[in-house]
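Single-letter residue listing:
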Amino acid sequence: MTRAWANPPRDKASATVHITEPGGHSYTLTARRSRGQLIATFAPGALPDGKLCARYQGSSRTACVQIIDRP
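No experiment lies behind these values; they were computed from the predicted model shown. (Residues numbered from 1 in each chain as written. Predicted model: local features only at pLDDT ≥ 70, side-chain atom pairs only at ≥ 80, totals over all residues. Heavy atoms only, no water.)

## What about the nonpolar core?
Basically, it comes down to this: We call a set of buried Ala, Val, Leu, Ile, Met, Phe, Trp, Tyr and Cys residues a nonpolar core when their side-chain atoms join them within 4.5 Å. Relative accessibility under 20% of the residue-type maximum defines a buried residue, over 50% an exposed one, and the middle range a partly exposed one, all with a 1.4 Å probe and only protein chains included. A run of DSSP states H or I qualifies as a helix once it reaches four residues; a run of E qualifies as a strand once it reaches two. Both are numbered from the N-terminal end. We call two residues in contact whenever any of their non-hydrogen atoms come within 4.5 Å of each other.
Counting residues in each nonpolar core, the largest one holds 12 residues, listed as Ala15, Val17, Ile19, Ala31, Leu38, Ala40, Phe42, Leu47, Leu52, Ala54, Tyr56 and Ile67. Of all the secondary structure elements, the ones that give two or more residues to this core are β2 (14-20), β4 (37-41) and β5 (50-56). Sequence-distant contacts of Phe42, defined by excluding residues within four places in its chain, comprise Met1, Ile19, Glu21, Tyr27, Leu29 and Leu52.

## Considering the state of the cysteines
Condition: Counting rule for disulfides: a pair of cysteine sulfur atoms within 2.5 Å.
Using the criterion set out here, one finds one disulfide in the structure. For Cys53, the disulfide goes to Cys64, at an S-S distance of 2.1 Å. Handedness here is read from the sign of the S-S torsion; for Cys53 and Cys64, about 105°, the answer is right-handed. Here Cys53, found in strand β5, pairs with Cys64, found in strand β6 (residues 63-67); they are 11 residues apart in sequence, far enough to count as distant. Given the relative accessible area of 14%, Cys53 is considered buried. Judged by its relative accessible area of 41%, Cys64 is partly exposed.

## Brief notes about the packing of aromatic side chains
Note the cut-off: For Phe, Tyr and Trp, where Trp contributes only its six-membered ring, two rings pair if their centres lie within 6.5 Å, and the inter-plane angle classes them as stacked under 30 degrees, edge-to-face over 60, or tilted in between.
Going through the model one piece at a time under the given rule, you end up with two aromatic pairs. Centre to centre, the rings of Tyr27 and Phe42 are 5.5 Å apart; their planes meet at 55°, and the pair counts as tilted. Of this pair, Tyr27 sits in strand β3 (residues 26-34) while Phe42 is found in the loop between β4 and β5, placing the two residues 15 residues apart along the sequence. The class for Tyr27 is partly exposed, based on a relative accessible area of 22%.

## Comments concerning the pairing of β2
Short version of the rule: Any two strands are treated as partners once DSSP identifies two or more bridges connecting them.
Burial along β2 is one-sided: Ala15, Val17 and Ile19 are buried, and none of Ser14, Thr16, His18 and Thr20, which face the opposite way, are. Here seven bridges tie β2 to β3, and the two strands are oriented antiparallel to one another. When the sheet's bridge partners are listed, Ser14 is paired in β3 with Arg32. Between β2 and β3, which follow one another and run antiparallel, lie five residues, and Gly23 among them has a positive phi close to 95°. Pairing of β2 with β5 involves four bridges; the strand directions are antiparallel. Directly across from Ile19, in β5, lies its bridge partner Ala54.

Everything listed is a geometric property; what it means functionally is a separate question.
Next up, the structure:
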């Protein structure tokens, strides 16, 4: 999963991203500036069905992807 902030303020070099996995486990990542954007990349392991979500700290917007566990 890659989370990008496409138009951050010019003086912002990094930002905190909150990740929530299916089942409720949550943690934080640090997004770093790359080509004018703030980028956070995350490679989850095996996850159960549910939503994997990411939100930049201070934002009310959350991006989610639906995880489907297929045998």
